[in-house]
Amino acid sequence: EENITYADAGEVVTISVVILNDGAITSEETPVAFWLGNPNEEGSEQIGEATTDVLNPDVTTTVNIDWQVIPGQHEIYVYIDPEEATTDRNRRNNLRHAALQVIPNLVLSEINVDRDNPLVEEEITVTAIVINNGGADAGAFIVEFWNGNPENEESEVFGEVNIDGVDRENPTTVHADYSATEGIQELWVVANPQFDLIEEDSTDNRRTLQLRVLPDL
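Quick look at the structure, then.

**What to know about the environment of S155**
Working step 1: By secondary structure assignment, the location of S155 is in the loop between β10 (141-147) and β11 (156-163).
Working step 2: Residue contacts for S155: discarding those within four places in its chain leaves W146, N147, G148, N149 and P150.
Working step 3: From its side chain, S155 meets the backbone oxygen of N149 in a polar contact 2.6 Å long.

In structure tokens form, the structure reads like this:
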């Protein structure tokens, strides 16, 4: 499984690479280029450059740059000796990359109703709060309100709300009306149910509560 690093938009991160001279002779100081995207593909952008020390055989050195990250799903590439100015017996291992994701993470932080123990067919309002504790502002997504676990076939959607987006500073509150049915009901709220919005972790996108609905005698 690919190792993914998460960061916040605007954060300055240090990108480091360990370089080994596994040849038989000493290498001179060598430039190392850092790229946003594959340098061999159109649309990539160089974001920094560093230089290695003189390296004796079987010796390593670490070079790094600082970079202010931008929102998105990124592949950071490091390219040793991009101009091929240094004698090197094997250039196939001079290019490496790692994933850096600067994306939102939605969390259903709270769900409540405006009346406990309602009567059958009484209209109540279900309210949920969605926060974004990820690394970037969230774009559009939907929130679904369910009577019953969404994983069960007999469960039904009783409300759907379209959200234009949620930034990292301001939670959003959503509401749906529910006509109470008799018994112990399990109400669920799910944000981004179809995973249209790419985010860090989708396992915290849902929350449930139990509601006791009384008969109208």
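**Remarks on the sheet that holds strand β6 (residues 72-80)**
Working step 1: Sheet architecture is open: five strands sit in the order β1-β7-β6-β3-β4, paired in mixed fashion. This sheet does not close on itself; its edge strands, each paired only once, are β1 (4-6) and β4 (45-51). In this sheet, adjacent strand axes meet at a mean angle of 25 degrees when their direction is disregarded.
Working step 2: Bridging between strand β3 (residues 31-36) and β6 involves five bridges; their strand directions are antiparallel. Looking at β6, one finds that V32 is bridged to I80.

**Section: the packing of aromatic side chains**
Working step 1: Under the criterion given, the structure shown has two aromatic pairs.
Working step 2: With a centroid separation of 6.0 Å and 55 degrees between ring planes, the pair formed by F145 and F158 is classed as tilted. Of this pair, F145 sits in strand β10 while F158 sits in strand β11, and the two are 13 residues apart along the sequence.
Working step 3: On the basis of an interplanar angle of 50 degrees and a centroid distance of 4.9 Å, the ring pair of F158 and Y178 is categorised as tilted. Within this pair, whereas F158 is found in strand β11, its partner Y178 is found in strand β12 (residues 172-179), the two being separated by 20 residues in sequence.
Working step 4: F158 sits in the partly exposed class, given a relative accessible area of 22%.

**Focus: the side chain of N149**
Working step 1: Its place among the elements puts N149 in the loop between β10 and β11.
Working step 2: Within the structure, the side chain of N149 is placed 2.9 Å from the backbone nitrogen of E151, a separation counted as a polar contact.
Working step 3: Every residue in contact with N149, bar those within four places of it in the chain, is listed here: S155, E186, W188 and R206.

**A closer look at the pairing of β3**
A regular strand places its side chains so that they alternate between the two faces of the sheet.
Working step 1: Among the six residues that make up β3, five are buried, leaving the element largely enclosed by the rest of the structure.
Working step 2: Pairing of β3 with β4 involves six bridges; the strand directions are antiparallel. Paired with F34 across the bridge in β4 is G48.

**Let's talk about the pattern of salt bridges**
Working step 1: Evaluation of the coordinates by the stated rule reveals three salt bridges.
Working step 2: We note a salt bridge from R115 to E122, for which the minimum N-O separation is 2.4 Å.
Working step 3: Ionic pairing is found between E151 and R206, a salt bridge with its closest N-O pair at 3.4 Å. Of this pair, E151 sits in the loop between β10 and β11 while R206 is found in strand β14 (residues 206-213), placing the two residues 55 residues apart along the sequence.
Working step 4: Overall, the relative accessible area of 58% leaves E151 in the exposed class.
Working step 5: R206 gets classed as partly exposed once you look at its relative accessible area, which sits at 32%.

**Remarks on the side chain of H74**
Working step 1: Residue placement: H74 occurs in strand β6.
Working step 2: What makes H74 buried here is its relative accessible area of 9%.
Working step 3: Within polar-contact distance, the side chain of H74 engages the backbone oxygen of I70 at 2.8 Å.
Working step 4: The contacts of H74, once residues within four sequence positions are left out, are L36, W67, A98, A99, L100 and V102.

Criteria and cut-off values
Residues numbered from 1 in each chain as written. Predicted model: local features only at pLDDT ≥ 70, side-chain atom pairs only at ≥ 80, totals over all residues. Heavy atoms only, no water. Helix = DSSP H or I, 4+ residues; strand = E, 2+ residues; numbered from the N terminus. Contact = heavy atoms within 4.5 Å. Polar contact = N/O pair within 3.5 Å; in protein donor to acceptor, adjacent residues only side chain to side chain. Pairing = 2+ DSSP bridges. Axes fitted to C-alpha atoms, helices over the stretch in contact; angles between N-to-C directions. Phe/Tyr/Trp six-rings, centres within 6.5 Å; stacked < 30°, edge-to-face > 60°. Buried < 20%, exposed > 50% of the residue type's maximum accessible area, 1.4 Å probe, protein only. Salt bridge = Lys/Arg side-chain N within 4 Å of Asp/Glu carboxyl O.

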